[in-house]
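# Per-entry structural report
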Amino acid sequence: MPETPPEPPAAPPGPDLERLRAHLDRELPGTVAGPLRAELIEGGRSNLSYRLTDGVTVWVLRRPPLGHVLATAHDMGREYRVMTALRDTGVPVPATVHLDPGAEVLGAPWYLMAYVPGTVHREAAALAALGERRVRGIGEALVDTLAALHRIDPAAVGLAGFGRPEGYLERQLRRWSAQLDASRCRELPGIDRLHELLAATRPHSPAPALVHGDYRLDNVLVAERDGRDAVVAVLDWEMSTLGDPLTDVGLLVMYTELAGVGGGLIPSAATAPGFPRSAELVARYAESTGRDAAALDWYVAFACYKLAVVAEGIHYRYRQGRTLGAGFERAATMAPLLVEHGLTTLKGH
């Protein structure tokens, strides 16, 4: 008796593959060569990423979370626009393929980009296995890529109107406070005090630049190029805009200082032997850009506040049962740790 062929793997929630195939055949005829298959790319805690293939070509599909989508927090068009603009610059990004700003196909806006082979480094053990020299090189490549981003003239790549740098920090504080209010589902001691202190000690911003908004080691892909480890793609541009570049630097410092905190809630890779310490990253950035990045306490505390709000949004969606993947249950413990670090950092501001 012949064996029954195995059932094809079920598609993960998010992409309706039949509707997606029909849309792509209509909008990009000849692009898709066969039946589509999709698998969720684990690791993301905000927008969802899927590895999509027709058996010949591999793409990445990005879409917002399945539930509780905060206004402006999951802007597919923003990601697509900035990556398209940066394609021919020194900042490596995946090639963009198609943007669907409507909700008819997948129930939300989405876009397709090229799949870039590379490694996302999150855990210290895996990174440390490369040896201290390579680990240091990866840390230096990370900050060098950020410096290259901040050296770009936005007007030269068609992004002159990508944001409003004037009043950027003030608007950011208002925005993240509103995001927090939209996700409140419990008492979170200290977070309102942290917001008050940030508002009261807000610095004057330096000359504006193109800001990534969530720049960190596990938001880039690393691969070997010309015998050395290089950043081959910067991902997750949903918070990008024109604004204060020191917000990116403060966030990178925060992730370095808190690496491995909370039992892995914050990736531990930056604790691998050889990874540059935060002061070394800041000094390298300042030398590369010519910017004064010495007084970063406020920006580190702001990074803590922003990430605490993001964590609360994730916790809110998890309580609703609207998250995909593993690890979301730990988001509840992340925000208190971030608030404490932010308040401690601001004491010396």
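Nothing here was measured: the structure is a model prediction, and the numbers come from that model.

Definitions and cut-offs
Residues numbered from 1 in each chain as written. Predicted model: local features only at pLDDT ≥ 70, side-chain atom pairs only at ≥ 80, totals over all residues. Heavy atoms only, no water. Helix = DSSP H or I, 4+ residues; strand = E, 2+ residues; numbered from the N terminus. Buried < 20%, exposed > 50% of the residue type's maximum accessible area, 1.4 Å probe, protein only. Contact = heavy atoms within 4.5 Å. Areas by Shrake-Rupley, 256 points an atom, 1.4 Å probe, with all protein chains shown as cover. Pairing = 2+ DSSP bridges. Phe/Tyr/Trp six-rings, centres within 6.5 Å; stacked < 30°, edge-to-face > 60°. Lys NZ or Arg CZ within 6 Å of the ring centre and 35° of its normal. Arc of directions from axis to C-beta. 1 Å grid on protein atoms, 1.4 Å probe; cavity = no way out; pocket = protein on both sides within 12 Å on 5 of 7 lines; lining within 4 Å. Points joined across faces, edges and corners; volume = space filled by probe spheres on them. Axes fitted to C-alpha atoms, helices over the stretch in contact; angles between N-to-C directions. Left-handed = near helix turned anticlockwise from the far one by under 90°. Nonpolar A, V, L, I, M, F, W, Y, C, P; charged D, E, K, R; others polar. pLDDT = per-residue confidence, 0-100. Salt bridge = Lys/Arg side-chain N within 4 Å of Asp/Glu carboxyl O. Polar contact = N/O pair within 3.5 Å; in protein donor to acceptor, adjacent residues only side chain to side chain.

### With respect to the overall build of the protein chain
Of regular secondary structure, the protein chain possesses 11 helices and nine strands. Across the 349 residues in the protein chain, those meeting the buried criterion constitute 52%. Intrachain contacts of the protein chain at a sequence separation of at least 6 include 72% that bridge at least 24 residues. A total of about 15700 Å² of accessible surface is found on the protein chain, and carbon and sulfur atoms cover 52% of it.

### A closer look at the pairing of strand β7 (residues 220-225)
Note: β7 against strand β8 (residues 228-234), six bridges, orientation antiparallel. Its bridge partner lying in β8, valine 222 is registered against valine 231. Here β7 folds back onto β8, and the loop between the two strands holds two residues, one of which, aspartate 226, carries a positive phi near 55°.

### Digging into the packing of aromatic side chains
For any two aromatic rings, the description comes down to two numbers: the centre-to-centre distance and the angle of the planes. Per the counting criterion, the structure on display carries three aromatic pairs. On the basis of an interplanar angle of 80° and a centroid distance of 5.3 Å, the ring pair of tryptophan 298 and tyrosine 299 is categorised as edge-to-face. Of the two residues, tryptophan 298 and tyrosine 299, neither departs from the other in class, the shared state being buried. Aromatic side chains tryptophan 298 and phenylalanine 302 sit 5.4 Å apart centroid to centroid with 15° between the ring planes, which places their arrangement in the stacked category. On the criterion of helical spacing, the pair formed by tryptophan 298 and phenylalanine 302 is a turn pair, its members being four residues apart in helix α10 (residues 297-319). Pair check on accessibility: tryptophan 298 and phenylalanine 302 agree, each one buried. Looking at arginine 51, its charged tip hangs above the ring of tyrosine 115, at a distance of 5.5 Å from the centre. Sitting over the ring of tryptophan 176, arginine 175 keeps its end group 4.9 Å from the ring centre.

### Notes on helix α6 (residues 191-200)
Taken residue by residue, α6 has Ile191, Leu194 and Leu198 as its buried positions. Seen along its axis, α6 keeps its buried residues to an arc of 55°; they face one direction.

### Describing empty space enclosed by the protein
Evaluated as defined, the whole model comprises five cavities of 30 Å³ or more. One number sums up the size of the second largest cavity: a volume of about 110 Å³. Taken together, 13 residues line the second largest cavity, and the ones lying closest to its centre are Leu217, Tyr255, Thr256, Pro267 and Ala270. The element contributing the most residues to the lining of the second largest cavity is helix α7 (residues 246-257), with three residues.

### Regarding helix α1 (residues 17-27)
Turning to α1, its buried residues number three or more, namely Leu17, Leu20, His23 and Leu24. In an axial view of α1, the angular spread of the buried residues amounts to 125°, which keeps them on one side of the axis. Within α1, the exposed residues directed more than 90 degrees away from the buried face are Glu18 and Arg26. Buried residues in α1 make contact with β1 (37-40), β2 (48-53), β3 (58-63), β4 (96-100) and β5 (110-114).

### Things to note about the packing of α6 against helix α11 (residues 334-346)
Relative to each other, α6 and α11 sit at 35°, their axes nearing to 9 Å. α6 and α11 meet at a crossing whose hand is left-handed. Contacts from Ile191, Arg193, Leu194, Leu197 and Leu198 of α6 reach α11 at Val339, Gly342, Leu343 and Leu346. Split by residue class, the contact of α6 with α11 holds seven nonpolar, one polar and one charged.

### Focus: the confidence of the model for the protein chain
With 87% of its residues at a pLDDT of 70 or more, the protein chain shows a mean pLDDT of 89. Across the protein chain, the secondary-structure element scoring lowest on mean pLDDT is helix α8 (residues 261-264), at 74, and the one scoring highest is helix α4 (residues 132-151), at 98. Scored below 50 in pLDDT, residues 68-73 shows 16 contacts in the model against residues more than four places distant or in partner chains.

### Quick look at the pattern of salt bridges
Counted according to the given criterion, the structure contains 17 salt bridges. For arginine 216, the salt bridge identified is with aspartate 218, shortest N-O distance 2.6 Å. Look at arginine 216 and you get buried, because its relative accessible area is 15%. Judged by relative accessible area, which is 11%, aspartate 218 ranks as buried. Salt bridges sharing common partners tie together Arg136, Glu140, Asp144, Glu280 and Arg284.

### Considerations on the side chain of histidine 23
Checked against the element boundaries, histidine 23 lands in helix α1. Here histidine 23 falls in the buried class, since its relative accessible area comes to 7%. In this structure the side chain of histidine 23 is engaged in a polar contact, spanning 2.9 Å, whose partner is the side chain of histidine 98. Setting aside chain neighbours within four positions, we find histidine 23 in contact with Leu28, His98, Asp100, Val105 and Trp110.

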